[in-house]
Amino acid sequence: MTATRTSTGRPHPSWFTRFWAVVRYEMLWNIRKKKFLGLVIVAFIFATLSWVLPVVLSATTDQAINANPEYAVTFTIPGIGIFLFALITAMNSISSEFESGTIVPLLTKPVSRSMIFLGKLLATFMIILVTYTILFVYVVIGGAVVYGPQNNLHLVPLGLFGNILSTFVWIAIILAAGALSKSTIVSTLVALGVFIGLFLAVPIIAVFAGPSPVLNYLPGSGASGTMMTTQGPITVGAGTDGIGANLINYALYSSANVDFNTTNIELQDGQPLITQALAYSEPISVITSRSVATAVVYTIVFLFIAWIAFKWAQILE
Amino acid sequence: MDLAIETNGLTKKYGSLTAVNKLDLKVQRNTIHGFLGPNGAGKTTTMKILVGLLKPNEGTVKVLGQELHGSKNGGVLKWFYEQADSRLSIGYMPELPKFPKHLKGAELLDIYGQMYGMTQQQRKEQIPKLVELVGLKGRENDLIGKYSKGMQQRIGIAQTLLNNPELVILDEPSLGLDPVGMVEVREVVKEIAKEGRTVLVSSHLLFEVEQICTHVTIINRGTALVSDTLQNVSGLLSGPAMLHVEVAKISNTIVNAVKKLPCVTSVVQTGDTLRIQMETHEDMRAQVSQEITRSGGIIVAMSQKTSNLEDVFIQLVSKDQGGKPQ
């Protein structure tokens, strides 16, 4: 079969070859960022501490470490970690191309803007996938060494998938802010503003106005509830940051319900009395599917905004 | 005429500012075409339109026979796809190019080569040659972040040649280079053209353009003032050339012999010096010196006063801006 030719008579290079070049370009950028390497090191230090500390305490108090066969399967990256991984990998991706002027030689290569955008996205996905996979494998090995044989290891990829999806909600928001503003500082501040704003606002709203279901449709941790299991009560975050844990919870306790409580503060004999009352209950299946659907919608909408903004951005400098 | 670049009525506006105004630019294939103009004349904007970085408001652009920007068939997606394909045969170096600092020089070329669809083998063969051509041998495995401005210019030139382009567009390739670097860049540009490529080069350095270009377009306020061969443009505003010849053993025989040359309109003798007014602005020194020698004279010195590109540039631009020609 002969290769197709362009209008200038040259052999038409395959779409994939050009696309993969963009992926390489972006991956090298990401893995050589000092802040990314720093974050990975910090993540591994925290993971290590989670099993080194019990060993140290056990040695100092002469108490044996309790076996925890669910340690690895219930491991999840906390919301702040998910946000930071998204921020560090995506903050420069589009905006700094414009700021540094590297977009000019890139756009004069035979790669379309859509191809560049998709390539950057795939590179970001691959970086997150590889980093999280290594982290999860590390946790499984560490958990097995410290807490004994681990159960339900076949569910670990489910948790990994959930964490990646949670991260991509923030990545999409950061990319959209970066493509619209063409400024790393603006996109970082927007992302931090949204994250910190929701991080502070959601618990406050939950206390004063009750755990409104609306909170579960915002990016981030969402409303917090309690699920009773055979292993005891488990705290469940119903937002997009908790997808990894929720998928595991659903796999392990598919028929369990999550109770969301309202906190009441009353004065009794001049003393504040804090009581909790059940606001509503939801099956874990509903919470999980809703958080996945919400994350998918946010990811698609913000990536679409980022793509459109990148595609039509003017190169003035 | 086989054209590598052809624009008709090309117009680009930024709000109320018209950067390029109904520009008709024609660049013949296999020429080195100088693109001159004062700051803000619209050179960089035109070049960005030619490589698809900017979309014009009006006019048509044909690059290597392929029409850009004007396609209204196939919708937005087709427009973008075609734009990307048209760049397969073009090498472009922007003014003061910026490349990702985290990449090594050779890595950058390798990735860009892959974007052009070059195989690994082709890249392995091509990249060392280019690195050597632009004088970066031994530094190709350093991070671009550690490159000097001059080295970034050099890697910028190398990346334009990766895909053996038919058309090379260089925007101020000597900017930021030291004198040695400027000479080297001139040599590289000449080398590029020797291989049968078309080169469009913008420069502020008129003597540089005179040394390397075969054709010149001068633009001001987005409009072409003149576009022709370098020789014709250089002679455009000059009157006939004047030769000053210092002759040992001068005699009437020599003066009369020179006067009889068809290209000579008058000869004035002052001591041992002849001031010869020519009919043309072309270089006739060889014919004149041959005639003097044949008549028994010995030429001690000879110079020709003609207007150069700088004179033409200043006169044209001043006139266009409403000033008096200098």
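This is a predicted model, so every value here is computed, not measured. (Residues numbered from 1 in each chain as written. Chains lettered and ligands numbered in written order. Predicted model: local features only at pLDDT ≥ 70, side-chain atom pairs only at ≥ 80, totals over all residues. Heavy atoms only, no water.)

Participant: Just give me the short version of the pattern of salt bridges, but keep the residues and values in it.
Facilitator: Per the counting criterion, the structure on display carries 15 salt bridges over all chains. Linking K120 of chain A and E26 of chain A is a salt bridge whose minimum nitrogen-to-oxygen distance equals 2.7 Å. Here E26 of chain A lies in helix α1 (residues 15–31) and K120 of chain A lies in helix α6 (residues 113–147), a separation of 94 residues in the sequence. Of the two residues, K120 of chain A and E26 of chain A, neither departs from the other in class, the shared state being buried. Linking R29 of chain B and E166 of chain B is a salt bridge whose minimum nitrogen-to-oxygen distance equals 3.4 Å. Taken together, the residues span a long stretch of sequence, with R29 of chain B in the loop between β2 (17–28) and β3 (32–36) and E166 of chain B in the loop between α5 (149–161) and β7 (167–171) at a distance of 137 residues. Using a relative accessible area of 26% as the deciding quantity, one classes R29 of chain B as partly exposed. Look at the salt bridges and you will find they share partners, linking R24 of chain A together with D110 and R123 of chain B into a network. (Salt bridge = Lys/Arg side-chain N within 4 Å of Asp/Glu carboxyl O. Helix = DSSP H or I, 4+ residues; strand = E, 2+ residues; numbered from the N terminus. Buried < 20%, exposed > 50% of the residue type's maximum accessible area, 1.4 Å probe, protein only.)

Participant: How would you summarise the nonpolar core if you had to cite specific residues and measurements?
Facilitator: Residues and elements named next belong to chain B. Ranked by size, the top nonpolar core spans 164 residues in total, and within it M115, I169, V199 and I218 carry the most contacts. If we skip the residues at most four places from it in the chain, I169 touches M47, L50, V51, I90, G91, Y92, M93 and L200. L274, I276, M284 and I292 belong to the second largest nonpolar core, which has 17 residues in total. (Core = buried A, V, L, I, M, F, W, Y, C linked by side-chain atoms within 4.5 Å. Contact = heavy atoms within 4.5 Å.)

Participant: Can you tell me about the domain arrangement of chain B, naming the residues and giving the values?
Facilitator: Examined at the domain level, chain B breaks down into domain 1 (3–234) and domain 2 (242–305). Placing the centre of domain 1 of chain B and that of domain 2 of chain B at their C-alpha centroids yields a distance of 44 Å. (Domains from an automatic or database assignment.)

Participant: Break down the sheet that holds strand β1 (residues 3–14) of chain B for me, with residues and values.
Facilitator: All names here are of chain B. In spatial order, the strands read β2-β1-β4-β5; together these four strands make up an open sheet with antiparallel pairing. Across the chains shown, the open sheet's two edge strands, defined by having one partner strand only, are β2 and β5 (66–68). Within the sheet, the average angular offset between the axes of one strand and its neighbour, ignoring direction, is 20°. Where strand β4 (residues 58–63) lies against β5, three bridges are found, and the strand directions are antiparallel. Each residue of the ladder has a partner; that of V63, found in β5, is Q66. Each of β1, β2, β4 and β5 is contacted by helix α1 (residues 43–50), which is oriented at about 115° to β1, the strand it contacts most. (Pairing = 2+ DSSP bridges. Axes fitted to C-alpha atoms, helices over the stretch in contact; angles between N-to-C directions.)

Participant: Lay out the side chain of E70 of chain A in plain terms, naming residues and giving numbers.
Facilitator: Residues and elements named next belong to chain A. Structurally, E70 can be placed in the loop between α2 (34–61) and α3 (79–90). Buried charge without a salt bridge: E70, with R290 as the nearest opposite-charge side chain at an N-O distance of 23 Å. A distance of 3.4 Å separates polar atoms of two side chains, one belonging to E70 and the other to N152. Setting aside residues up to four positions removed in sequence, E70 forms contacts with Q150, N151, N152 and L252. (Lys, Arg positive; Asp, Glu negative; His and termini not counted. Polar contact = N/O pair within 3.5 Å; in protein donor to acceptor, adjacent residues only side chain to side chain.)

Participant: Please give an account of the pairing of strand β8 (residues 198–202) of chain B that cites residues and values.
Facilitator: Residue and element names in this part refer to chain B. In terms of residue burial, β8 counts as a mostly covered element, since five of its five residues are buried. Here β8 shows two buried faces, one formed by T198, L200 and S202 and the other by V199 and V201. In the sheet, β7 pairs with β8 via five bridges, with the strands oriented parallel. What sits directly across from I169, in β8, is L200. Remark: the β7/helix α6 (residues 179–194)/β8 crossover connection has right-handed handedness. (Right-handed = clockwise from strand over helix to strand, strands pointing away.)

Participant: Could you give an account of a nonpolar patch on the surface, with specific residues and numbers?
Facilitator: All names here are of chain A. Residues I196, F199, L200, I204, V207, F208, I265 and I274 make up a contiguous nonpolar surface patch of about 840 Å² in total accessible area. With six residues, the top contributor of residues to the nonpolar patch is helix α8 (residues 184–209). Locating I196 in the fold gives a position in helix α8. A relative accessible area of 42% means that I196 is categorised as partly exposed. (Patch = residues over 30% accessible without salt bridge, like charges linked within 9 Å, V, L, I, M, F, W, Y side chains within 5 Å. Areas by Shrake-Rupley, 256 points an atom, 1.4 Å probe, with all protein chains shown as cover.)

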